[in-house]
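Inside the fold
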Amino acid sequence: MSWGLGKLPGVVAARTYRREWLRPDFTAGLALTALLVPAGMGYATAAGLPAYAGLYATIVPMLVYALLGPSKVLVLGPDSALTPLIAAAVLPLAATGDPQEALALAGVLALLVGVILVVAGFLRLGFVTELLSKPIRLGYLNGIALVVVVGQLPTLFGFAIDEPGLAQDLAAIVRAVAAGDVDPVATAVGVASLAVIVAFRLLRARIPGVLVAVAGACVVSSLLGLPEQIAMVGALPSGLPAPAVAAVSWEDVLALLGPAAGIALIAFADTGVLSRTFAARRGDDVDGSTEMKAIGAANVATGLLGGFPISASSSRTPVAEQNGARTQLVGVVGAVAVLLFVLLAPGVTAYLPEATLAAVVLVAASALIDVRGVIRMWRMSRLEAGLAAAAFLGVALVGVLEGILVAIGLSFVAVVWHAWSPYRTELVELTRVAGFHDINRHPEGHRIPGLLLVRFDAPLFFANGSIFDDYVRSLVAKSPEPVEWVVIAAEPITGLDTTAVDELVDLDRYLAGKKIHLAFAAMKGPIKDRLVQFGVGDRFTPDRFYPTVRTAVVAFRHRASSPSPGSAPRGNPDHTTGRAPKSLPRRRNRRR
């Protein structure tokens, strides 16, 4: 890392720590632990990994982030949005079905995710997360939620399926239920656990329903001898994990590179949003590049020590904040508490039913479902709602890893669509209202005879240059009166490429053939520079440009004679200051 030791966020927090923060930090850390253990184990099983890996993926990242992370309350660890991505990347490569092999592959995946994030943080590439716009992320996360929920239903009902794809999973579940393969004991335990978690959440009880459900399931299992009847998580292995990534082949590493890039994008996008949200609540600032490097370092560490890719948790972070968390010490307390559980009570999980963990994951995944957001998006923009639906279907029907590519591709399509077909309009005057206004919003406005004012609200580039050209030509053709000047209100034009310049030249020649003068108003200096750079400065000479639309209109109204196309009109205003011609003040004096 490039930070000096004294500048590390955790070190800075320790130096400025106040004694009155100690109690709320410890309380919040212990309250957080009640969620960390079941959530970590549940997300590990949802990813197709041993449950204990979720505990290692909880302890290590929280300790690393407490030292390197800029946010004071952010909780890192396994996350429901990443579990299907991890499973889709790792399980096909673990051909033997050996959990240890899958775990080693997951560790390499975490290493790759971490390296990508660290490098991107140093290169200050946080902007890449903007590739996932709000509607794309809305559809993507709803799709992820559906995948997670469907994946956990067989465990909840006590049977197993092995089908690729969401549609196949749903069909297999229906067949299993119809064939009577449902285990009544596992179903009873799972549904009861689910009911307890939901009831405590609805009642907003101070004690986490997840803790009550897990502890209660362990007690009931022990008393009724359920380990002999239904699947259990099993006892934790003794001691601490040993690195196993060296056993992974280079072919597998190369196969994991693509999924690692997608997971890194999703992990930082979710973490960045969550970090900024909680920092804003507390009046703090977080640096996106520092955040990216900290998440990357946490992933590298957990990959080396028996974990799998992680990100910030949108369910556990609010718990820390609501219990009075003040500093990164909360994460340290939570991590140490989980570590003590692993070392001192490894046998407890031998009585924890897998159906209960499935209930924990189902409730967590349901938090990703945002039906209200979909309805609101539909009301706000049908186009963006369509993008959200397409991202949802990409994840649900194509696959979670492929769904990332679909989501990013749709984001690019949305960008190109907005730039390719931007808003364009004609400007008109209004009686007793200063300025020039959109004719679509003010149909009562009136045109200036002989003058056509056009506005195009986008950069000009290869995809929309011809649209701009055709639009101006269509306005000229439909004008009720002969057009002498066309003035482009060019302030919204923030970009220009060579293809668009060719279109401008073609438009100018077309208008010149009709004895129409083409001019530009309020064009930005860098765009003028590009015209010179592209070799058309001798055609679009400085006298074609006006500092404002008003000065262009004044020049048109005070032209002494119709200029030849491409030439400067006589009596036009000063193009640097926007001053009107000398005759204008005398007219005003006569009016007075």
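Each value, and the rule that gives it
Residues numbered from 1 in each chain as written. Predicted model: local features only at pLDDT ≥ 70, side-chain atom pairs only at ≥ 80, totals over all residues. Heavy atoms only, no water. Helix = DSSP H or I, 4+ residues; strand = E, 2+ residues; numbered from the N terminus. Rg over C-alpha atoms; globule rule 2.2 N^0.38 Å. Buried < 20%, exposed > 50% of the residue type's maximum accessible area, 1.4 Å probe, protein only. Salt bridge = Lys/Arg side-chain N within 4 Å of Asp/Glu carboxyl O. Domains from an automatic or database assignment. pLDDT = per-residue confidence, 0-100. Contact = heavy atoms within 4.5 Å. Phe/Tyr/Trp six-rings, centres within 6.5 Å; stacked < 30°, edge-to-face > 60°. Lys NZ or Arg CZ within 6 Å of the ring centre and 35° of its normal. Pairing = 2+ DSSP bridges. Axes fitted to C-alpha atoms, helices over the stretch in contact; angles between N-to-C directions. UniProt positions renumbered as here; feature names shortened; annotations may be inferred. Parallel < 35°, antiparallel > 145°, perpendicular 65-115°, else oblique. Left-handed = near helix turned anticlockwise from the far one by under 90°. Nonpolar A, V, L, I, M, F, W, Y, C, P; charged D, E, K, R; others polar. Right-handed = clockwise from strand over helix to strand, strands pointing away.

When its secondary structure is counted, the protein shows 22 helices and 8 strands. Computed over C-alpha atoms, the radius of gyration of the protein comes to 32 Å, more than 25% over the 25 Å expected from 2.2 N^0.38 for 592 residues, which places it beyond the range of a compact globule. In terms of principal-axis extent, the alpha carbons of the protein reach across some 105 × 60 × 50 Å. Looking at the protein as a whole, 51% of its 592 residues are labelled buried.

A few words on the pattern of salt bridges. Scanning the model with the defined rule gives 9 salt bridges in all. Residue Arg-557 pairs with Glu-429 through a salt bridge whose shortest N-O separation is 2.8 Å. Here the residue Arg-557 occupies a position in helix α21 (residues 549–557), and Glu-429 occupies one in strand β3 (residues 424–430), the gap between them amounting to 128 residues. Residue Arg-557 is classed as partly exposed on the basis of its relative accessible area, which comes to 44%. For Glu-429, a relative accessible area of 15% translates into the label buried. The salt bridge involving Arg-544 is made with Asp-508; its shortest N-O contact spans 3.0 Å. Remark: Asp-508 occurs in helix α19 (residues 498–513) and Arg-544 occurs in the loop between α20 (525–533) and β8 (545–546); sequence separation between them is 36 residues.

For the protein, the domain assignment lists domain 1 (19–236 + 249–415) and domain 2 (423–557). For domain 1 and domain 2, the distance between their C-alpha centres works out to 53 Å.

Reading fine detail from the predicted coordinates is not recommended where pLDDT is low. With 92% of its residues at a pLDDT of at least 70, the protein reaches an overall mean of 85. Segment residues 561–592 is flagged for pLDDT under 50; beyond a separation of four residues in sequence, or across chains, it makes 50 contacts in the model.

A separate point is the packing of aromatic side chains. Using the criterion set out here, one finds 8 aromatic pairs in the structure. For the ring pair Phe-520 and Phe-545, a centre distance of 5.3 Å and an interplane angle of 20° mean the geometry is stacked. Of this pair, Phe-520 sits in strand β7 (residues 517–521) while Phe-545 sits in strand β8, and the two are 25 residues apart along the sequence. Among the aromatic side chains, those forming a connected cluster through ring pairs are Trp-485, Tyr-546 and Phe-556. The ring of Phe-122 is capped by Lys-293, whose NZ or CZ atom sits 4.4 Å from the centre of that ring.

On to the environment of Trp-21, then. In this fold, Trp-21 is placed in the loop between α1 (9–15) and α2 (22–46). The exposure class of Trp-21 is buried, given its relative accessible area of 16%. Distance in space between the C-alpha atoms of Trp-21 and Thr-327 is 7.9 Å, their sequence separation being 306 residues. The residues contacting Trp-21, other than those within four sequence positions of it, are Thr-16, Arg-326 and Thr-327.

Taking strand neighbours across the sheet as the criterion, the 6 strands line up as β4-β3-β5-β6-β7-β8 in an open arrangement whose pairing is mixed. Pairing within the sheet leaves two strands with one partner each, and these edge strands are β4 (433–438) and β8. Bridge analysis of strand β6 (residues 485–489) against β7 gives 5 bridges, and the strand direction is parallel. Within β7, the residue paired with Ala-489 across the bridge is Ala-521. Sheet strands in contact with helix α18 (residues 465–478) are β3, β5 (451–456) and β6, and its direction is about 155° off that of β5. With respect to the sheet, α21 is in contact with β3, β4, β5, β6, β7 and β8, its orientation differing from that of β6 by roughly 170°.

Let us look at the UniProt feature "domain: STAS" (unreviewed entry) in the protein. Within this structure's numbering, the places UniProt gives as "domain: STAS" (unreviewed entry) are residues 441–556. Helix makes up 41% of residues 441–556 and strand 16%. Its end C-alpha atoms lie 24 Å apart.

A few words now on the packing of helix α6 (residues 134–157) against helix α16 (residues 382–398). Running from N to C, α6 and α16 point in directions that differ by 30°, and their axes come no closer than 7 Å. Between α6 and α16, the interaxial angle falls into the category roughly parallel. For the pair α6 and α16, the sense of crossing is right-handed. Contact with α6, carried on its side by Pro-135, Ile-136, Gly-139, Tyr-140, Asn-142, Gly-143, Ile-144, Leu-146 and Val-147, involves Glu-384, Leu-387, Ala-388, Ala-391, Phe-392, Val-395 and Ala-396 of α16 and no other residues of that element. A breakdown of the residues in the contact of α6 with α16 according to their chemical character gives 12 nonpolar, 3 polar and 1 charged.

It is worth spelling out the packing of α2 against helix α13 (residues 329–344) at this point. Taken N-terminus to C-terminus, the directions of α2 and α13 make an angle of 45°; their axes are 8 Å apart at the nearest point. Between α2 and α13, the interaxial angle falls into the category oblique. The hand of the α2/α13 crossing is right-handed. Taken together, the residues of α13 that come into contact with α2 (itself represented by Leu-22, Asp-25, Phe-26, Ala-28, Gly-29, Leu-30, Leu-32, Thr-33, Leu-36 and Val-37) are Leu-329, Val-330, Val-333, Gly-334, Ala-337, Val-338 and Phe-341. Grouping the constituent residues of the contact of α2 with α13 by class yields 13 nonpolar, 3 polar and 1 charged.

Where burial is concerned, most of β5 is hidden: 5 out of the 6 residues are buried. Here β3 runs beside β5; their pairing, made up of 4 bridges, is antiparallel. Residue pairing in the sheet places Arg-424 in a bridge with Phe-456 of β5. In the sheet, β5 pairs with β6 via 5 bridges, with the strands oriented parallel. In the strand pairing of β6, Leu-452 is matched with Val-486.

Within the secondary structure layout, Leu-387 lies in helix α16. Measuring from C-alpha to C-alpha, the distance between Leu-387 and Lys-134 comes to 9.8 Å, with 253 residues separating the pair along the chain. In this structure Leu-387 touches Ile-136, Leu-410 and Ala-414, once residues within four positions along its chain are discounted.

With that settled, consider unusual backbone geometry. One non-glycine residue with positive phi stands out, namely Arg-432, at about 65°. The phi dihedral of Ala-522 falls on the positive side, at around 60°, and the residue is not glycine.

Before going further, it helps to spend a moment on the pairing of β6. The element β6 is extensively covered by neighbouring structure, given that 5 of its 5 residues are classed as buried. Where burial is concerned, the two faces of β6 agree: the one with Trp-485, Val-487 and Ala-489 and the one with Val-486 and Ile-488 are both buried. A crossover links β5 with its parallel partner β6, the connecting element being α18, and its sense is right-handed.

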